[in-house]
Amino acid sequence: MKFIENFQPQLTIASPGRINLIGEHTDYNLGYVLPTAIANKIVFKLAKNNSKSQCNVYSVGYEGFSFDLNAVCKSASEWENYVLGVLSEILKLTNKVEGFDCIIESNLPLGAGLSSSAAMECGMAFGLNELFDLGLSKNTIVALSQRAEHNYVGTQCGIMDQFASVMSKEGHVILLDCKSLDYRHIPLDLQPYKIIMMNTKVSHNLATSAYNTRKRECEEGLTIIKTKWPKINSLRDVTLDMIEDAKDKLTQTVYNRCCYIINENNRVLEMAKALSEKKLKTVGKLLYEAHKGLSERYEVSCVESDFLVDFSKNYDGVLGARQVGGGFGGCVLHIVHENIATKYKQDCIEAYKKKFNLDLEVFEVKPTGGTHII
Ligand code: ADP
Ligand code: MG
């Protein structure tokens, strides 16, 4: 791309990935989640290019592309939709955006459950907000980024990923109520334990379609619950007793999905309490329970993730582990004592290689702040 040769950025934005300690698939059921941003990030370098409507965007490792602000529409190239979707939503809110150039660079693995997608959307939205002084609030940036993913990418995601990418605070997780959007930062003090992520390097390509299927199954359960309790508007407000009461009317699959969501919501609140009281054994126990639910009731795990979680159970010094993200691979989060962390990582890499002939990618994460100007 030509503009890159003489590119002089006016603004640089860091847009982080995120982990979610617990609360998987609860966001679109308007429940609770407990995420935080991490140091791995996407960096956006931006400059106005003095044209009225010509935009040029290049992401390292992809081809660049150009578009006109007067003709923003979906692209056949998936990644471009993360950019175009954000533009489309911003243009509904303001006419202050003009031509710009943007270079994107990332050290955030894709499809690994660290939400590179939300980092793309929120970084773009945050950057344009600063560059053109749009006056959008952080909440608006979060919401429009989610709509971009719905409308242009086609994943009917909840609000967690965008919220975590923008609103996180160093050293804390966010206890977010996805119904009211009330939130509270909770200090994440796991010492002497560390959070170690292991990228299984598998993404089973089921992720988008299965995600939308799970969402539909939850809606099916809700519809049946509503025939008896019409005032209930999300699984978040459904209890296990209500599900048992409705069991005859639910398919086994829908019953399982609903049970998982209700239990997972409860686990998020238990986790927040355990963190506040520094009950680290409980933290680990909840992670294992969450993974079991993901694997058996929500059926979004895979043999590779299950293998790592099982491996960790036989290892002294590991508190807990679970697959993170939408499912079918991506990263497995482990909470590991600092004294055994190095040996544990090596043993996992070896065992995983032997079993699947794949190279695990292992890295430590800490809670960091959300999207910001560098
Ligand atoms: P996750 O959010 O777990 O990383 P997704 O499948 O939701 O996985 O999003 C990954 C997609 O986001 C990629 O396939 C790509 O289209 C887009 N994406 C992520 N990072 C970048 C990047 N640095 N440049 C361009 N596109 C990116
Ligand atoms: Mg994503």
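Peer 1: How would you explain the overall build of the protein if you had to name every residue and give the values?
Peer 2: Along the backbone of the protein there are ten helices and 13 strands. Against the compact-globule benchmark of 21 Å for 374 residues, the protein has a radius of gyration of 21 Å, which places it among compact chains. If you line up the protein on its principal axes, its C-alpha atoms span 60 × 55 × 40 Å. Scored against the burial criterion, the 374 residues of the protein give a buried share of 57%. A sequence separation of at least 24 residues applies to 72% of the contacts in the protein between residues at least 6 apart. As presented, the protein carries roughly 16100 Å² of accessible surface, and 47% of it is formed by carbon and sulfur atoms.

Peer 1: Tell me what's going on with the packing of aromatic side chains, and back it up with residues and numbers.
Peer 2: Any pair of aromatic rings gets described here by the distance separating the centres and the angle formed by the planes. Taken as a whole and judged by the stated rule, the model has 15 aromatic pairs. Aromatic pair F307 and F356: ring centres 5.4 Å apart, planes at 85°, arrangement edge-to-face. Of the two residues, F307 is situated in helix α9 (residues 303-313) and F356 in helix α10 (residues 341-356); the sequence distance between them amounts to 49 residues. Chaining the aromatic ring pairs together yields one cluster made of Y62, F65, F67, W79, F100 and F132. We note K247 situated over the ring of Y255; from NZ or CZ to the ring centre the distance is 4.4 Å.

Peer 1: Mind laying out the site of ligand 1, listing which residues take part and the relevant values?
Peer 2: In the vicinity of ligand 1, 16 residues are found, and the nearest of them are S59, E78, G111, S116 and S117. One of the backbone N or O atoms of G113 is found 3.3 Å from an oxygen atom in ligand 1. Note that an oxygen atom of ligand 1 is positioned 2.6 Å from one of the side-chain N or O atoms of S116. Only α1 (78-93) and α2 (116-131) provide two or more residues apiece to the shell around ligand 1.

Peer 1: Please give an account of the pattern of salt bridges that cites residues and values.
Peer 2: Under the defined criterion, the tally for this structure stands at 23 salt bridges. Between R18 and D161 there is a salt bridge whose closest N-O contact spans 2.7 Å. With R18 in strand β1 (residues 11-20) and D161 in helix α4 (residues 160-167), this residue pair connects regions lying 143 residues apart in the sequence. Comparing R18 with D161 shows no difference in burial state: the two are buried.

Peer 1: Can you explain the sheet that holds strand β10 (residues 318-323)? Please cite residues and give values.
Peer 2: Judged by pairing direction, the sheet is antiparallel, and its four strands sit side by side in the order β10-β11-β9-β12 without closing on themselves. Two strands close off the open sheet at either side, each with one partner strand: β10 and β12 (361-365). Sheet twist, expressed as the mean angle between neighbouring strand axes with direction ignored, is 20°. Running over the sheet, helix α8 (residues 280-297) touches β9 (193-203), β10 and β11 (329-337) and is turned about 30° from β10.

Peer 1: So what's going on with unusual backbone geometry? Residues and values would help.
Peer 2: With an omega dihedral of 5°, the bond running from Q191 to P192 counts as a cis peptide bond. Positionally, P192 belongs in the loop between β8 (183-187) and β9. Even without being glycine, S115 reaches a positive phi, approximately 60°. If you trace the backbone, S115 turns up in the loop between β6 (100-106) and α2. One non-glycine residue, F328, lies in positive phi territory at about 60°.

Peer 1: Tell me about α4, and name the residues and values.
Peer 2: Across the eight residues that make up α4, a large majority, eight, are buried. All of the buried residues in α4 are M160, D161, Q162, F163, A164, S165, V166 and M167.

Peer 1: Summarise the sheet that holds strand β13 (residues 372-373); cite the residues concerned and give the values.
Peer 2: Taken together, six strands build an open sheet; the order of strands is β5-β4-β6-β3-β1-β13 and the sheet is mixed. Both edges of this open sheet fall to β5 (65-68) and β13, since each of them pairs with a single strand only. As paired elements, β1 and strand β3 (residues 35-48) share nine bridges and run antiparallel to each other. Counterpart to S15 in the pairing with β3 is I42. Across the sheet, α1 touches β4 (54-59), β5 and β6, and the angle it forms with β5 is around 25°.

Peer 1: Quick rundown of the environment of N265? Include the residues and the values.
Peer 2: Mapped onto the elements, N265 comes out in helix α7 (residues 252-276). Sequence separation between N265 and G17 is 248 residues; the distance between their C-alpha atoms is 23 Å.

Peer 1: Tell me about the packing of α7 against α8, and please be specific about residues and values.
Peer 2: Running from N to C, α7 and α8 cross one another at 165°; their axes reach a closest spacing of 10 Å. Taken together, the axes of α7 and α8 are roughly antiparallel relative to one another. Handedness of the α7/α8 crossing: left-handed. Residues Y255, N256, R257, C259, Y260, E264, R267, E270, M271, A274 and L275 of α7 lie in contact with α8, whose contacting residues are T282, V283, K285, L286, L287, E289, A290, G293, L294 and R297.

Peer 1: Give me the lowdown on the side chain of R322, citing residues and values where you can.
Peer 2: Note that R322 resides in strand β10. Among the polar contacts made by the side chain of R322, one reaches the main-chain carbonyl oxygen of N20 at a distance of 2.6 Å.

Peer 1: An account of the pairing of strand β7 (residues 172-177) is needed here, citing residue identities and associated values.
Peer 2: Two faces make up the sheet, and in a regular strand the side chains alternate between them. With six of its six residues buried, β7 lies for the most part within the structure. Both faces of β7 are covered, namely the face carrying H172, I174 and L176 and the face carrying V173, L175 and D177. Pairing of strand β2 (residues 32-33) with β7, which is carried by two bridges, proceeds in the antiparallel orientation. In the sheet register, V33 faces β7, and the bridge partner there is L176. By the bridge criterion, five bridges tie β7 to β8 in an arrangement that is antiparallel. Residue pairing across strands places I174 opposite H185, the latter belonging to β8. In sequence, β7 turns back onto β8 through a hairpin of five residues, with L181 there showing a positive phi of about 65°.

Calculation criteria
Residues numbered from 1 in each chain as written. Chains lettered and ligands numbered in written order. Predicted model: local features only at pLDDT ≥ 70, side-chain atom pairs only at ≥ 80, totals over all residues. Heavy atoms only, no water. Helix = DSSP H or I, 4+ residues; strand = E, 2+ residues; numbered from the N terminus. Rg over C-alpha atoms; globule rule 2.2 N^0.38 Å. Buried < 20%, exposed > 50% of the residue type's maximum accessible area, 1.4 Å probe, protein only. Contact = heavy atoms within 4.5 Å. Areas by Shrake-Rupley, 256 points an atom, 1.4 Å probe, with all protein chains shown as cover. Phe/Tyr/Trp six-rings, centres within 6.5 Å; stacked < 30°, edge-to-face > 60°. Lys NZ or Arg CZ within 6 Å of the ring centre and 35° of its normal. Near = heavy atom within 4 Å. Polar contact = N/O pair within 3.5 Å; in protein donor to acceptor, adjacent residues only side chain to side chain. Salt bridge = Lys/Arg side-chain N within 4 Å of Asp/Glu carboxyl O. Pairing = 2+ DSSP bridges. Axes fitted to C-alpha atoms, helices over the stretch in contact; angles between N-to-C directions. Parallel < 35°, antiparallel > 145°, perpendicular 65-115°, else oblique. Left-handed = near helix turned anticlockwise from the far one by under 90°.

So yeah, pure geometry; function would need other evidence.
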